[in-house]
Amino acid sequence: MRSSATLAALLMLTACAQIEPPDPYAPRNPPSRPTHTPLADIEPGDLVTLSAQQQKQVREGTAKRLKDPEAARFGKLSATRGKDGSLTVCGYVNGKNSYGGYTGYSPFMGMFLAPPNGNTYEVVKIGSRDTEQQAIVSVCGQAGVPMSL
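Trainee: Would you mind showing me how to read the state of the cysteines here?
Mentor: Note on terminology: a disulfide is the covalent bond linking the sulfur atoms of two cysteines. In the structure shown here, the tally under the stated rule is one disulfide. Across the disulfide, C90 is cross-linked to C140 (sulfur-sulfur distance 2.0 Å). An S-S torsion of about -90 degrees defines the bridge between C90 and C140 as left-handed. Pair noted here: C90 is in strand β4 (residues 87–96) and C140 is in helix α3 (residues 130–142), with a separation of 50 residues, a long-range link. Neither residue differs from the other here; C90 and C140 are each classed as buried.

Shown next, in the form of structure tokens:
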């Protein structure tokens, strides 16, 4: 008796549920998700020492992305050279916020492109949120770049 009462209650609840019509604008075949993450493709490079000129480019290029570039403070910069000749650069930067206070050191990642454009430095990402910071540290670690202040 108890199971038939439960069954009746479930049938009444399902009868009350609203069924939404299908979205006519939804794609019929949604794009499939990648079967691997980009991190799986990262190969560790060989540790290299950045020249004074390269360090200057990294500091200037990274500082440009901050609210107050002149106030940027940097931790240790580390780099690895990939098989294609590109340099992956990782480090920490501390910048000021809109109120003029320092926000604390955040990890960043940048790259010197492979030759013949090897003198061009591009910032990949400066971690502002916890998830971004964790991702940068993870990617730098997989690239063989040690992260330290």
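Trainee: When you look at α3 in this model, what are you seeing that I'm missing?
Mentor: At 3.6 residues per turn, the α-helix brings residues three or four places apart onto the same side. Taking 1.5 Å per residue as the helical rise, α3 with its 13 residues ought to reach 18 Å, and the 18 Å between its terminal C-alpha atoms agrees with that figure. Within α3, burial applies to E132, I136, V139 and C140. Projection of α3 onto a plane perpendicular to its axis shows the buried side chains occupying an angular sector of 100 degrees, all on one side. Exposed and facing more than 90 degrees away from the buried side of α3 are D130, T131 and Q134. Packed against the buried residues of α3 are β4, β5 (102–112) and β6 (121–126). Where α3 ends, the next residue or the one after it, G144, has phi of about 85 degrees, a positive value.

Trainee: Is there a simple way to think about the side chain of T62 in this case?
Mentor: Here T62 shows up in helix α2 (residues 52–63). A relative accessible area of 0% places T62 in the buried class. Sequence-distant contacts of T62, that is, excluding residues within four places in its chain, are made with F74, V93, F108, Y121, V123 and I126.

Thresholds, definitions, all that
Residues numbered from 1 in each chain as written. Predicted model: local features only at pLDDT ≥ 70, side-chain atom pairs only at ≥ 80, totals over all residues. Heavy atoms only, no water. Disulfide = S-S within 2.5 Å. Helix = DSSP H or I, 4+ residues; strand = E, 2+ residues; numbered from the N terminus. Buried < 20%, exposed > 50% of the residue type's maximum accessible area, 1.4 Å probe, protein only. Expected span 1.5 Å × (residues − 1). Arc of directions from axis to C-beta. Contact = heavy atoms within 4.5 Å.

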